[in-house]
Amino acid sequence: QLQFVESGGGLVQPGGSLRLSCAASGFTLGGFAVGWFRQAPGKGREGVACISYTGRETNSVGSVKGRFTISRDNAKNTVYLQMNSLTPEDTAVYYCALDRTPWLRICTVEVDKERYRYWGQGTQVTVSS
């Protein structure tokens with residue numbers, strides 16, 4: 001029973017910070033890349049950041065570069081997304097997903113349903129005064 005559980009979302013003021021966690025159970029993440037995605041109200045799902053199976057290579061979209069940092073702790077079977085300098089445009093449900101390609105060092109932030117086949121149920125992030 002492969003499960004992903006996102007946590008750490010909530011209501012935060014513009015300029016604030018949050019750290020999201022993606023905890024996996026029923027599977028070991030060590031050999032797989034993981035991505036963070038988000039979906040705002042009335043919009044489609046978009047990629048945010050991803051991390052290679054080694055944890056030493058990452059990718060992110062231009063709108064979050066310099067503000068968001070993805071990391072992983074394989075001993076805890078968890079991937080994190082540190083979000084700083086949040087703006088109202090960051091308001092969305094945030095999801096983590098597993099890339100089925102093993103030993104992947106060059107990960108993608110494209111919403112590729114053939115590669116990202118295992119998704120969590122999301123955590124709500126609301127940025128508002």
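Preceding this paragraph is the structure being described.
Predicted model only: the values in this text are computed from it and were never measured. Residue positions are counted from 1 within each chain, in the order its sequence is given. Restriction of local features to residues with pLDDT of at least 70 applies here, the model being predicted, together with a cutoff of 80 or more for giving and counting side-chain atom pairs; totals for whole chains, interfaces and linings are based on all residues. Excluded from the side-chain calculations are hydrogens and water; all other atoms, namely the structure's heavy atoms, are used.

Brief notes about the overall build of the protein
Using the following cut-off: The helix count covers DSSP runs of H or I at least four residues long, the strand count covers runs of E at least two residues long, and both are numbered beginning at the N terminus. Only the C-alpha atoms count toward the radius of gyration. The rule for a globule is 2.2 Å times the residue count to the power 0.38. Relative accessibility thresholds used throughout: buried, under 20% of the residue-type maximum; exposed, over 50%; partly exposed, between the two (1.4 Å probe, protein chains only). Only heavy atoms enter the contact rule, under which two residues are in contact if any of them lie within 4.5 Å. Only the protein chains shown count as cover for residues, and the accessible areas themselves come from Shrake-Rupley with a 1.4 Å probe.
When its secondary structure is counted, the protein shows zero helices and 11 strands. N-terminal to C-terminal, the α/β element order of the protein is β-β-β-β-β-β-β-β-β-β-β. Its C-alpha atoms give the protein a radius of gyration of 14 Å, near enough to 14 Å, the size a compact globule of 129 residues would have. Once the C-alpha set of the protein is aligned to its principal axes, its extents read approximately 40 × 30 × 30 Å. For the protein, buried positions account for 43% of its 129 residues. Considering only residue pairs separated by 6 or more positions, the protein has 62% of its internal contacts joining residues 24 or more positions apart. Total accessible area on the protein stands at roughly 6,600 Å², and carbon and sulfur atoms take up 47% of it.

Some points on the sheet that holds strand β7 (residues 68–73)
What counts is decided by this rule: For two strands to be treated as a pair, DSSP must find no fewer than two bridges joining them. Angles shown run from 0 to 180 degrees and are taken between the N-to-C directions of axes, each axis being a line fitted to C-alpha atoms and, for helices, limited to the stretch in contact.
Here four strands make up an open sheet; going across it, the order is β1-β3-β8-β7 and the pairing antiparallel. On the outer flanks of this sheet lie β1 (3–7) and β7, each paired with one strand and no other. Across the sheet, the mean angle separating the axes of adjacent strands is 15° when strand polarity is ignored. Pairing of strand β3 (residues 18–25) with strand β8 (residues 78–83) involves six bridges; the strand directions are antiparallel. Within β8, the position partnered with R19 by the bridge is Q82.

Focus on the packing of aromatic side chains
Rules: Between rings of Phe, Tyr and Trp, where Trp is taken as its six-membered ring, a pair exists when centres lie within 6.5 Å; planes separated by under 30 degrees are stacked, by over 60 edge-to-face, and by other angles tilted.
Applying the stated criterion across every chain yields a total of six aromatic pairs. Aromatic pair F27 and F32: ring centres 5.1 Å apart, planes at 50°, arrangement tilted. You can call F27 partly exposed: its relative accessible area is 32%. Given a relative accessible area of 17%, F32 falls into the buried group. The rings of F37, Y95, Y116 and W119 are connected pair by pair, giving a single aromatic cluster.

Details of the state of the cysteines
Test applied: Here, two cysteine sulfur atoms that lie within 2.5 Å of each other are counted as a disulfide.
Inspection of every chain in the model, using the stated rule, returns two disulfides. Note that C50 is cross-linked by a disulfide to C107, the S-S spacing being 2.0 Å. In this structure, the disulfide formed by C50 and C107 twists by about 80° around the S-S bond and is classed as right-handed. Here C107 lies in the loop between β9 (92–102) and β10 (116–119) and C50 lies in strand β5 (residues 45–51), a separation of 57 residues in the sequence. Given the relative accessible area of 7%, C107 is considered buried. Here the bonded cysteines of the protein are numbered in sequence order, and their pairing is 1-3, 2-4.

Notes on the pattern of salt bridges
Note on pairing: side chains with opposite charge can pair once their charged atoms come close. The test is simple: Take a side-chain nitrogen of Lys or Arg and a carboxyl oxygen of Asp or Glu: if they are within 4 Å of each other, that pair is a salt bridge.
Considering all chains together, one arrives at six salt bridges under this definition. Close ionic contact of E46 with R38 constitutes a salt bridge, the shortest N to O distance being 2.8 Å. When the shortest N-O distance is used, the salt bridge between R117 and E114 registers 3.0 Å. Since its relative accessible area comes to 42%, R117 is described here as partly exposed. For E114, a relative accessible area of 54% gives the class exposed. Overlapping salt bridges, with partners in common, bring together R38, E46, R67 and D90 in one network.

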